[in-house]
Amino acid sequence: MPSDEMVRQALEAVSGPREAFMSAVKVAVDQVESYLDANTGPEEAKPERAASELGRFAEGRIDPQRFAALTGEHEPLDDRSQEVLEEALEVLRALVKKGDENFLVHLEEGDSLVDRVEAALAASGRAFGAAEAVERIRTGGDAQTARQSFTGGNPPGRWSRAERRLAPPLVVSVPGSALDVEGMGRLLEGNIRIVLVVDGPAPPAALVPLMTPGVFVLQTSDSKELARLSDAAGPAIAALLPDTCAGFVHDPLGGPTLGQRLTVGEIPDAKTVRMLGTMTTWRQAEALSQLAALKSASEAVALPSANGKSGEPMEEPAPADRLAAWLLDQANLTDVDTAS
Amino acid sequence: MSTCSLLALAQSEDRDYERADYEGVEVRWCPGCGDYSVLTATQRLLAEEGLKPEETVVVSGIGCSSRFPHYMNTYGFHGIHGRALTLATGVKLNRPELSVFVVMGDGDCCSIGAGHWLHATRYNIDMVVLLLDNEIYGLTKKQTSPTTPQGYKSNTQPRGSFLPALNPLEATLGITNASFVAQTAEWVPAHLYATLQAAYRHKGFAFVRILQRCPHFTPDIMNELVTDRDQVQLLMHDDGINAPGLDKVFENRRVHDPSNLDAARRLASDSQQTRLGLFFRDESLPRYDDLRRTTRLTAEERIELLNEELALYAV
Amino acid sequence: MAALSSAVSPEVRDSSRVKHAPPTVHRLDEHTVEIVSDSGEGAQKCGQIFGTVSAKMGNGVWTVEIIPAEIEPPARSVAGTSGIRIRIGSGPITNWGDETKLAVAFNEQSLLSRHRIGALADDATILVENRWATHDDEAIRDQWASAMEELSERNYTIIEVPMEEECLTVVENPRLGKNMFVLGLLAFVYDRDLDRIREQIAFAFLNKPKKIYERNVALLELGHGWASENLDFQYHIPSIETDQEMVVMNGNQAFAMGAIASGMELAAMYPITPATSVSHYLCDVFERFGGIVHQAEDEIAAIGVAIGASYSGKVAFTITSGPGMALKTEFLGMAVMTEIPLVLLNVQRGGPSTGLPTKVEQSDLLASIFGQPGDAPHVVMAPATIEECFHAPITARRIAETFRTVVMILSDANLATGVQPFPKPDPQVSWQAPMPDQAPVPEGARPYDWDPETGLSRRFIPGQPGGMHTVTSLAHDEDSHVAYDAEINQRSSRMRSRKLAALQHTMSPPPIYGEESGDLLIVGWGSTKGAIQEALDRVRAEGLSVSSTHLSFLSPLEPGLGEIFSRFRKVMTVEINYSDEPDDPYITEENRRRGQLAWLLRATTLVDVDCWTRVLGEPLRPGAIVEAIHTHMPTKKRGKRT
Ligand SMILES: Cc1ncc(C[n+]2csc(CCOP(=O)(O)OP(=O)(O)O)c2C)c(N)n1
Ligand SMILES: [Mg+2]
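This structure is a prediction, so every number in the text was calculated from the model and none was measured.

Peer 1: Describe the overall build of chain B, listing the residues and the values that go with them.
Peer 2: Helix and strand content of chain B: 12 helices and 9 strands. In terms of overall dimensions, chain B is globule-like: its C-alpha atoms have a radius of gyration of 21 Å, near the 20 Å expected for 315 residues. Taken along the three principal axes of its C-alpha coordinates, chain B extends 75 × 45 × 40 Å. Residues counted as buried form 61% of the 315 residues belonging to chain B. Contacts in chain B between residues at least 24 apart in sequence constitute 68% of all its contacts with a sequence separation of at least 6.

Following this line, the structure appears as structure tokens:
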């Protein structure tokens, strides 16, 4: 059982995106409420609403009837649209009420990591769906179609680019035996932040397969390291593991060369690897040797070209860089230069 | 307050943009004005970075250069003389998710707005800040500006500017917490573009002084720099601003590591040599907009808290 | 009432340690007490706790701080006197009253300062620290003696209190505790509930170590004990029972809470007395409400930041006082020109220029309305009570948004530091602004689509697809394009002006206090309402035919004033700003500079409005207004005005 303290630290490490997501939901709640207020109910209720908006200082001084008349007529919503808006509002309110629980997932042995993570994101993703429904109705769309945007889950595959940028972060507590990242790659888009708080023996290089040019990947046994997530741009995943696992960080903002982006600590001996859950020893050993290869490549490229002594940045790549390029090619990390 | 509303997100469609998507009303600068190329480069940058016109705000003061936002098809704020940075600060504190560009003239930024320039640099709020420096007051017809070269004649100092010109790079680099300082020239489009791109990608207050010709009032001021490439030195570094092919054009080059503040200050204050490139960049410095983010409350949450607060004063 | 000593002279008897019979209890409707000291001795904290506890016990309360301009003026100086006045009553108290009936002084020099400006009633009772009489320093002993001499001009009852000597039995540094000792004295004199005081001390020192609380309570009890043994009088001011939940705070705090209640989320300010305490309070709590207080580099930047924030979302606000208002001028014009909503609080102080930073004045009225070069119509309103300080920003926010304009709230130093209980507000969702709608802008909609009748239009904010436009401080047309055509300027000026008329169209004439017609109508605005109405009660009891009306909106003015004025033989404003006296040298009917509201009313109603104004650096006293009414009553000879 990962300690509550570690989960708390993991939540803290994603406080930025957590607050951004919740704020956006809360702003939307207020907006939908006020839209409903303004566009439902009889025309005669408008002065009362104006009076209550104007507050007590205006009492006896500003005539709400006249004030309301200034701001023009509204076209009341049809019942069906109102109903759907209210449902959408409920979805948003429920997310507000759920608070931090929106960002927590707890896995048991035998659970599929990718399925649970996707399900959690799909649940939070209903917020995006609800907002879409509201917009559709406000721009004169059909209420029935609008409703479909938030009934059921709304998995990340359906999110727009802007929605991905506001992706809700997740803190996943997971037993080491369930730390199978198969399929996770496709969830790492936009600004997603996933922190895996791992308990018990775990595959030593579990996150290695997730390293692609634009993804921030961190494996560590030191919870303080999680703070680095807040500096990442783009998708990021981190695992807090027992110290028998490899420690490394791949930071796309580190610089253009592999040496600048990848830092690898001690790599455990592949012989210590045991079968865990669905992860065979062979697969775990493969991940370890890939990490080892990347480590030696990164150390080879960390040449002093960055200190400017060469002075001419446009020259041919050094042999070490060419070696790195080949290795990267093998590791599916070909276009490191384009990530930003 | 921290962010946009989900409702705003819901309308945003995924699409690509072209330069033409960012063109505003018909441009009315003088023929040959250096501001044109800055406008073009900015529009190109926005298209290439895929910035949504509705999520981009261009803020300016008053001056020829400050007409800039009208010529962009984004949200724009053509404010008052010298105060653009204060408006931009308000926009960013309230809506951190918007991309903000600030365009100022040399009188706008370095004279009437100098106080805000100093403080905005220190706030280090994430925005791109362009100083369009033609070394003269353009709109008001040729008065001396703080950056007018010493001895240069104008309508207010007809026997020549009395004092040595204020150096905006040196000044900015002297301000605590300055995080990005670069210089480029409007007549070197490749370098201009690369500089704008680096400034946009910088997380923090990206200050770019753009040398800008005013063919009407100061046609001669930058002549030599334009015609004699050797008069301009290009700053080079892997971490600097690297426009493809420029190293072939500029013979006069120098390696400068933009993480070295002392060296940056030395190079910037050298009045013998005009330099283009990235003088300084440090993304690790604190950002006021980051530090001031708060989480929004719903109206109901606010009432609950307010009632708790009022209870402390109950009698 | 009588103290132990009946003699009032420098040789006042030391009253300590004399056990006596139970005190004489005086039952009164109201009473005024002042606590004065050197700056930093805590007189204000003592008075605030006393006032709050009195409010909690059901009394009407008004407290006013006496603030020197310097932080640490020289000790024992007349000019450096710091302190607080508390007026408590059985019914609601709406102003600081006339003269003080009881004064507690930590030294004789601060007492002298109150004496010299006539703050003490002729029959006032005075409790004064007596250590100065026997001080080692001869100069101080001399000062004491000559002060006592000067004080003997009046019929004060002076009681010496060995404050320091007593305090030293509990603490080492009596400077840090005299105020709690004095609180104990007052608790006895006014028969206050000690438990409630302890509670309030705990709240006041919430974030301090427990032993500070304990020390203060020990001093409180010491003072109470000393008083019960040595004083032979008590004042009982029966309290009013009310079921209504009440809160007690000063006007600046009330404004801050009201601003929060309005849902605004960004305040930008630059420190300036007496407005700063709004920000102090907000800085403490605003972030929890999702808000930001930005302390800008100057007032220009502060309003710029507020406008930038308003432009991009919810209405924001800026907080200042006179000198800061002056700096904001150009941006105010711009906000009006670009029709960006904004709320501005001006806590007025004495002017011009740096003036009297800590003192009340109402001299910014005309500058607020007309001070922006170019024609810049906008809304100006003025709360008259602490309660209205809370509710004003809510209304202001709504008007600013609907009318896309600047709304200024004129408060003043009297409301800023005055403390008064008022019914606990019941915050509403409807008071709060949601983030403006960000729906895509319909094809063809224009950023200044002025309704030709009302001048109103709907703004677009960044983020709204299809709404891209550049707001500009230059003259512009409906599309916000810079206007090169002169006719557009005429039209857009008309539209901006029309908004004020449209707002006035929604307003009702101000209510009349007193008879609907009569001999004299007093017109006031802002913080003077309580004092004016109290004065009116007195002169009406004398049988004079005087009514008053109090304006809450100054721009646009509330409607119907001309008609109201026509029902009185004479109309006169009462204000805290400067006006020439009619019989001063060189002053004629034509060149007389009148009170600012009088000026405005004359211009708008063409009625010959007179004025009585004072700039004494203090709130108006009801008694002084009574006198002014006596001298300004229209002579019977004149016929009723038509
Ligand atoms: C408060 C104020 N003072 C003065 C002016 C007049 N003014 C307008 S632009 C300008 C200077 C413009 O020079 P610069 O900032 O260098 O911009 P440029 O026109 O050269 O692009 C001045 C003094 C003004 N608009 N507002
Ligand atoms: Mg210029």
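Peer 1: Residue-level account of the interface of chain C and chain B, with values.
Peer 2: A common way to express how large an interface is: the accessible area buried when the components associate. Listed as interface residues are 72 residues of chain C and, on the opposing side, 56 residues of chain B. Between chain C and chain B the total buried area reaches about 5700 Å² when both faces are included, carbon and sulfur atoms providing 62% of it. Interface area lost by chain C to chain B is led by C:Phe289, C:Glu297 and C:Met468, which between them contribute 12%. In this assembly, chain C and chain B are joined by 4 salt bridges. For C:Glu265, the salt bridge identified is with B:Arg302, shortest N-O distance 3.1 Å. Linking chain C to chain B there are 33 residue pairs in polar contact (both at pLDDT 80 or more). For the side of chain C that touches chain B, the secondary structure elements donating two or more residues are helix H1 (43-56), strand S9 (246-250), helix H8 (251-261), helix H9 (276-285), strand S11 (292-295), helix H10 (299-311), helix H11 (322-338) and strand S17 (470-472) of chain C. Here the side of chain C that touches chain B takes 8 residues from H10(C), the largest share from any one element.

Peer 1: Outline the side chain of C:Arg114, listing residues and values.
Peer 2: With respect to the secondary-structure elements, C:Arg114 resides in helix H2 (residues 108-116). Excluding anything up to four places from it in sequence, C:Arg114 contacts C:Glu34, C:Val36, C:Ile66, C:Trp96, C:Ala119 and C:Leu120.

Peer 1: Residues and numbers for the packing of aromatic side chains, please.
Peer 2: In the structure shown here, the tally under the stated rule is 21 aromatic pairs over all chains. Measuring from centroid to centroid gives 6.2 Å for B:Trp29 and B:Phe68, while their planes differ by 50°, and the two rings are tilted. Remark: B:Phe68 occurs in the loop between strand S1 (56-60) and strand S2 (75-78) and B:Trp29 occurs in the loop between helix H1 (6-11) and helix H2 (35-49); sequence separation between them is 39 residues. Per residue, the accessibility class of B:Trp29 equals that of B:Phe68, and both read buried. Sitting above the plane of the B:Tyr193 ring, B:Arg44 keeps its charged end 3.5 Å from the centroid. Over the face of the ring belonging to C:Trp96 we find C:Arg85, whose NZ or CZ atom lies 4.3 Å from the ring centre.

Peer 1: Can you break down the site of ligand 1 residue by residue, with the values?
Peer 2: Around ligand 1 sit 17 residues in total, of which B:Cys64, B:Ser65, B:Asp106, B:Asp108 and B:Gly138 are the nearest. Positioned at a junction of chains, ligand 1 has nearby residues supplied by chains B and C. Interatomic distance of 2.7 Å between a side-chain N/O atom of B:Ser65 and an oxygen atom of ligand 1. Measuring from an oxygen atom of ligand 1, one finds a side-chain N or O atom of B:Asn134 at 3.0 Å. For ligand 1, the protein covers 77% of the area, taking 590 Å² as the surface of the free molecule. Considering only residue class, the shell around ligand 1 consists of 6 nonpolar, 8 polar and 3 charged.

Peer 1: Please provide a residue-by-residue account of the interface of chain A and chain C, values included.
Peer 2: Facing 23 residues of chain A, the contacting portion of chain C comprises 33 residues. Across the chain A/chain C interface, buried area totals approximately 2400 Å², and carbon plus sulfur atoms make up 60% of it. Area buried by chain A at its contact with chain C is led by A:Phe57, A:Arg61 and A:Leu70, which between them contribute 32% of it. The salt bridge involving C:Glu387 is made with A:Arg56; its shortest N-O contact spans 3.6 Å. If you look at where chain A meets chain C, you find 13 residue pairs in polar contact (both at pLDDT 80 or more). Every element with two or more residues in the side of chain A that touches chain C is listed here: helix H2 (15-39), helix H3 (46-54), helix H4 (64-70) and helix H6 (113-138) of chain A. Tallying contributions element by element places H2(A) first for the side of chain A that touches chain C, with 5 residues.

Peer 1: Could you give me a rundown of the nonpolar core, with the residues and numbers involved?
Peer 2: In globular proteins that are soluble, nonpolar side chains generally tend to be buried together. Counting residues in hydrophobic clusters, the biggest one holds 99 residues, and the most contacted among them are A:Val172, A:Met184, A:Leu196, A:Leu207 and B:Leu6. For this core, the element with the highest residue contribution is H6(A), accounting for 12 residues. Non-local contacts of A:Leu196, meaning those with residues more than four positions away in its chain, are made with A:Leu113, A:Val172, A:Val174, A:Leu179, A:Leu207, A:Ile237, A:Ala238, A:Ala239 and A:Leu240. Of all hydrophobic cores here, the second largest spans 93 residues; its members include C:Ala309, C:Val336, C:Leu344 and C:Leu551.

Peer 1: Requested: an account of the confidence of the model for chain C, with residues and values cited.
Peer 2: Detailed reading of the predicted coordinates is not advisable wherever pLDDT is low. All names here are of chain C. Considering every residue of chain C, the mean pLDDT works out to 93; 96% of them sit at 70 or more. Long-range and interchain partners of residues 1-13, a stretch whose pLDDT sits below 50, account for 31 contacts in this model, where long-range means more than four residues apart. Confidence drops under pLDDT 50 across residues 638-642; counting only partners more than four residues distant or on other chains, this segment forms 11 contacts. Scored by ipTM, the complex comes to 0.97, with pTM at 0.92.

Peer 1: Outline the coordination of the magnesium ion (ligand 2), listing residues and values.
Peer 2: Residue and element names in this part refer to chain B. Looking at the magnesium ion (ligand 2), one finds its protein donor set to be Asp 106 (OD), Asn 134 (OD1) and Ile 136 (O), positioned 2.1 to 2.2 Å from the metal centre. Going along the chain, you hit the donors of the magnesium ion (ligand 2) in the pattern D-x27-N-x1-I. Of this pair, Asp 106 sits in helix H4 (residues 106-112) while Ile 136 sits in the loop between strand S4 (127-133) and helix H6 (168-173), and the two are 30 residues apart along the sequence. Grouping residues by exposure puts Asp 106 and Ile 136 together as buried.

Peer 1: So what about unusual backbone geometry? Which residues, and what values?
Peer 2: Here the residue pair C:Thr273 and C:Pro274 is connected by a cis peptide bond, since its omega of -5° sits within 30 degrees of zero. Phi angles above zero are rare outside glycine, and B:Asn177 is one such case at about 75°. By the secondary structure assignment, B:Asn177 is in the loop between H6 and strand S5 (180-185).

Peer 1: Run through the sheet that holds S17(C), naming residues and quoting values.
Peer 2: The pairing of strands in a sheet happens through backbone hydrogen bonds and is either parallel or antiparallel. In space, the 10 strands of this open sheet follow the order S8(B)-S7(B)-S9(B)-S5(B)-S6(B)-S4(B)-S3(B)-S1(B)-S2(B)-S17(C), with mixed pairing throughout. The open sheet has two free edges, formed respectively by strand S8 (253-255) of chain B together with S17 of chain C, since each of these has just one partner strand. Between one strand and the next, the sheet's axes are offset by a mean angle of 20°, whatever the strand orientation. In terms of strand pairing, S5(B) meets strand S6 (residues 205-211) of chain B through 6 bridges, oriented parallel. What sits directly across from B:Thr184, in S6(B), is B:Ile210. Its contacts with the sheet put H2(B) on S1, strand S3 (99-105), S4 and S6 of chain B, and the angle it makes with S4(B) is roughly 165°.

Conventions adopted
Residues numbered from 1 in each chain as written. Chains lettered and ligands numbered in written order. Predicted model: local features only at pLDDT ≥ 70, side-chain atom pairs only at ≥ 80, totals over all residues. Heavy atoms only, no water. Helix = DSSP H or I, 4+ residues; strand = E, 2+ residues; numbered from the N terminus. Rg over C-alpha atoms; globule rule 2.2 N^0.38 Å. Buried < 20%, exposed > 50% of the residue type's maximum accessible area, 1.4 Å probe, protein only. Contact = heavy atoms within 4.5 Å. Buried area = accessible area lost by both parts, 1.4 Å probe. Salt bridge = Lys/Arg side-chain N within 4 Å of Asp/Glu carboxyl O. Polar contact = N/O pair within 3.5 Å; in protein donor to acceptor, adjacent residues only side chain to side chain. Phe/Tyr/Trp six-rings, centres within 6.5 Å; stacked < 30°, edge-to-face > 60°. Lys NZ or Arg CZ within 6 Å of the ring centre and 35° of its normal. Near = heavy atom within 4 Å. Areas by Shrake-Rupley, 256 points an atom, 1.4 Å probe, with all protein chains shown as cover. Nonpolar A, V, L, I, M, F, W, Y, C, P; charged D, E, K, R; others polar. Core = buried A, V, L, I, M, F, W, Y, C linked by side-chain atoms within 4.5 Å. pLDDT = per-residue confidence, 0-100. Donors = N, O, S within 2.8 Å, 3.2 Å for Na, K, Ca; no water. Pairing = 2+ DSSP bridges. Axes fitted to C-alpha atoms, helices over the stretch in contact; angles between N-to-C directions.

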